[in-house]
Amino acid sequence: MATTVEIDPQVATLSNDEILRYSRHLIMPEVGMEGQQKLKAARVLCIGAGGLGSPLALYLGAAGVGTLGIVDFDVVDYTNLQRQIIHSTADVGRKKLDSAAEKLKSINPFLNIRKFETRLSSENALELFKEFDIVADGTDNFPTRYLVNDACVLTKKPNVYGSIFRFEGQASVFATEEGPCYRCLYPEPPPPGLVPSCAEGGVLGILPGLVGVIQATEAIKLILGKGDPLIGRLLLIDALGMKFRELKLRKNPDCPACGKHPTITRLIDYEQFCGIRGEEQAVETSSADMQVEELKRRLDRGDDIFVLDVREPHEYQISNLGGYLIPLGDLPKRVNELDSSREIVAHCKMGGRSAKAADFLRKAGFKKVHNLAGGINAWADRIDPKMPKY
Amino acid sequence: MAKIHIPTPLRQYAGKQTAVDAKGSTVGAALSDLVTQHPELRRHLYTEDGKLRSFVNVYVNDEDVRYLQKEATAVKDGDTISIVPSIAGGCCR
């Protein structure tokens, strides 16, 4: 195998305590003393301490990767605990960085943990990546995916990639010298709104475990220089069917990032590249938004308001306002069930899907349509604290 | 008849199926049959002027059709066509 990561094992020596700790590695010829010293000398940067970052950092730390950097600016919340196993219930409200560093230190006190409490950006990525040997991408959005890729290509650091949606995952190793990068596979991001986010679509809790552990495996193989890394291969993981498929990836000679004549020679504005700003503006506020307090007041007053719930039936079972259920995807073919002369308030979980529904209804000729700002979760926060949030 | 794998994010537009059998001797013809069977898929796979969207990758077996004959790539009975869209999830807040 062509070595993609050059790590000098001589720079790290193991104490007797470490030799005992890594005994099961040391007796394996594929690792041995030299490999374990390489692991100790290696520096891996994990982008995100969430679903993928949790198992990734835990296994890399346990395996003895000497320097683990973590970039995260988020705090732990209850909905994270279903899959982000580096955090525990007592950590809710704490910084993910602090929670993760504490767990890693308790597993392996020999680790050098470097905490970066920041949002990875075009301004800081290159400087940050230069201090590491491998970057592991566990982010949750397209702008950061493209940013990580381009910064890896520019700094010549392998990008150990993993991505998940519901019960399906992808993994690969991008941006090595001989292999393709993320842009060879996906030159452009999808337009905002076309691909649902995990917050909308959900994710099976075990899936980031599967995919994050594959990323950790790849990072360790790159450090050791052993085995066949996922370079030039995209692994597709279907947890529901428990099927693993593999697709061939090629380095695109015309790739704007890693091709023969790259046009991306510095980092760009990735929010703009992915069109995120436009989407936020469309969803955030609109004159036709209704606040939950106003809806409550008007329903109590007995106003004739038709509450339209555009979530999925399984979400309706978690909590509902007694609204009429038509999932957003079914709205075009079921629009005739609605009375355009009545005042309609559309809601979903957080206000994103219902904004689309309200927009669709207005275009279809409905005059009195409101979107409930913040969705049913805002209702649970501000009107009915007994209602479960999800 | 080729089998087209539908990825999770697009299943809601394909009657919630994981795979759809489609007729056609080329990738283009099979995809065209797919969107005829499931018209809602069309705008997710094609631009308004009828081109495959750039973030939708199509594979015949394990080969990217961009490196074969693109939509003119031949498919035979028993071949598997995969639609592989980009997904970004990881932290999932």
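Cut-offs applied
- Residues numbered from 1 in each chain as written.
- Chains lettered and ligands numbered in written order.
- Predicted model: local features only at pLDDT ≥ 70, side-chain atom pairs only at ≥ 80, totals over all residues.
- Buried ≥ 20, exposed ≤ 12 C-beta atoms within 10 Å, placed from the backbone.
- Helix = DSSP H or I, 4+ residues; strand = E, 2+ residues; numbered from the N terminus.
- Pairing = 2+ DSSP bridges.
- Axes fitted to C-alpha atoms, helices over the stretch in contact; angles between N-to-C directions.
- Contact = placed C-beta atoms within 7 Å.
- Parallel < 35°, antiparallel > 145°, perpendicular 65-115°, else oblique.
- Left-handed = near helix turned anticlockwise from the far one by under 90°.
- Nonpolar A, V, L, I, M, F, W, Y, C, P; charged D, E, K, R; others polar.
- pLDDT = per-residue confidence, 0-100.
- Right-handed = clockwise from strand over helix to strand, strands pointing away.

## Focus: unusual backbone geometry
Residues and elements named next belong to chain B.
Here is step 1: Unlike most non-glycine residues, Lys 16 shows phi in positive territory, near 65 degrees.
Here is step 2: On the neighbour-count criterion, Lys 16 (8 C-beta atoms within 10 Å) is exposed.
Here is step 3: Phi at Asn 61 takes a positive value of approximately 55 degrees, unusual for a residue other than glycine.
Here is step 4: Its place among the elements puts Asn 61 in the loop between β3 (56-60) and β4 (63-64).
Here is step 5: Given 14 C-beta atoms within a 10 Å radius, Asn 61 is considered partly exposed.

## Comments concerning the sheet that holds strand β7 (residues 233-238) of chain A
All names here are of chain A.
Here is step 1: Sheet architecture is open: eight strands sit in the order β3-β2-β1-β4-β5-β6-β7-β8, paired in mixed fashion. The strands lining the two open edges of the sheet, one partner per strand, are β3 (112-116) and β8 (243-248). Between one strand axis and the next, the sheet turns by 15 degrees as a mean value, whatever way the strands run.
Here is step 2: As paired elements, strand β2 (residues 67-71) and β3 share five bridges and run parallel to each other. Residue pairing across strands places Ile 70 opposite Lys 115, the latter belonging to β3.
Here is step 3: Across the face of the sheet, helix α5 (residues 96-107) comes into contact with β2 and β3 while running at roughly 175 degrees to β3.
Here is step 4: On the sheet, helix α7 (residues 142-155) packs against β1 (43-47), β4 (134-137), β5 (159-165) and β6 (168-174) and is oriented at approximately 165 degrees with respect to β4.

## Comments concerning the sheet that holds strand β11 (residues 324-325) of chain A
Residues and elements named next belong to chain A.
Here is step 1: In spatial order, the strands read β9-β13-β12-β10-β11; together these five strands make up an open sheet with parallel pairing. Of all strands in the sheet, those bounded by a partner on one side alone are β9 (289-290) and β11.
Here is step 2: Where β9 lies against strand β13 (residues 369-372), two bridges are found, and the strand directions are parallel. By the bridge assignment, Met 290 is partnered in β13 with Leu 372.

## Considering the packing of helix α4 (residues 53-63) of chain A against helix α10 (residues 207-224) of chain A
All names here are of chain A.
Here is step 1: At a closest axis distance of 7 Å, the pairing of α4 and α10 adopts a crossing angle of 40 degrees. Relative to α10, α4 is oriented oblique. Viewed along their axes, α4 and α10 form a crossing whose handedness is right-handed. Residues Ser 54, Pro 55, Leu 56, Tyr 59, Leu 60 and Ala 63 of α4 form the contact with α10, whose participating residues are Pro 208, Gly 209, Gly 212, Val 213, Gln 215, Ala 216, Ala 219 and Ile 220.
Here is step 2: Among the residues making up the contact of α4 with α10, the classes are represented as ten nonpolar, four polar and no charged.

## Quick notes on the packing of α4(A) against α5(A)
Residue and element names in this part refer to chain A.
Here is step 1: Where α4 meets α5, the closest approach of the two axes is 9 Å, and the angle between their N-to-C directions is 30 degrees. Viewed along their axes, α4 and α5 adopt a mutual orientation that is roughly parallel. Crossing handedness for the pair α4 and α5: right-handed. In this structure, α4 contributes Ala 57, Leu 58, Gly 61 and Ala 62 to the contact, and α5 contributes Ala 100, Leu 104 and Ile 107.
Here is step 2: Considering only residue class, the contact of α4 with α5 consists of six nonpolar, one polar and no charged.

## Comments concerning the confidence of the model for chain B
Here is step 1: Chain-level statistics for chain B give a pLDDT mean of 89 and a share of 95% at 70 or above.
Here is step 2: Scored as a whole, the predicted complex attains pTM 0.83, and scored at its interfaces, ipTM 0.86.

## Some points on the pairing of β13(A)
Each regular strand carries side chains that alternate between the two faces of the sheet.
Residue and element names in this part refer to chain A.
Here is step 1: Here β13 shows a buried face lined by Val 369 and Asn 371 and a second buried face lined by His 370 and Leu 372.
Here is step 2: Pairing of strand β12 (residues 343-347) with β13 involves three bridges; the strand directions are parallel. Residue pairing for β13: Ile 344 is matched across the bridge by Val 369.
Here is step 3: A crossover links β12 with its parallel partner β13, the connecting element being helix α16 (residues 352-363), and its sense is right-handed.

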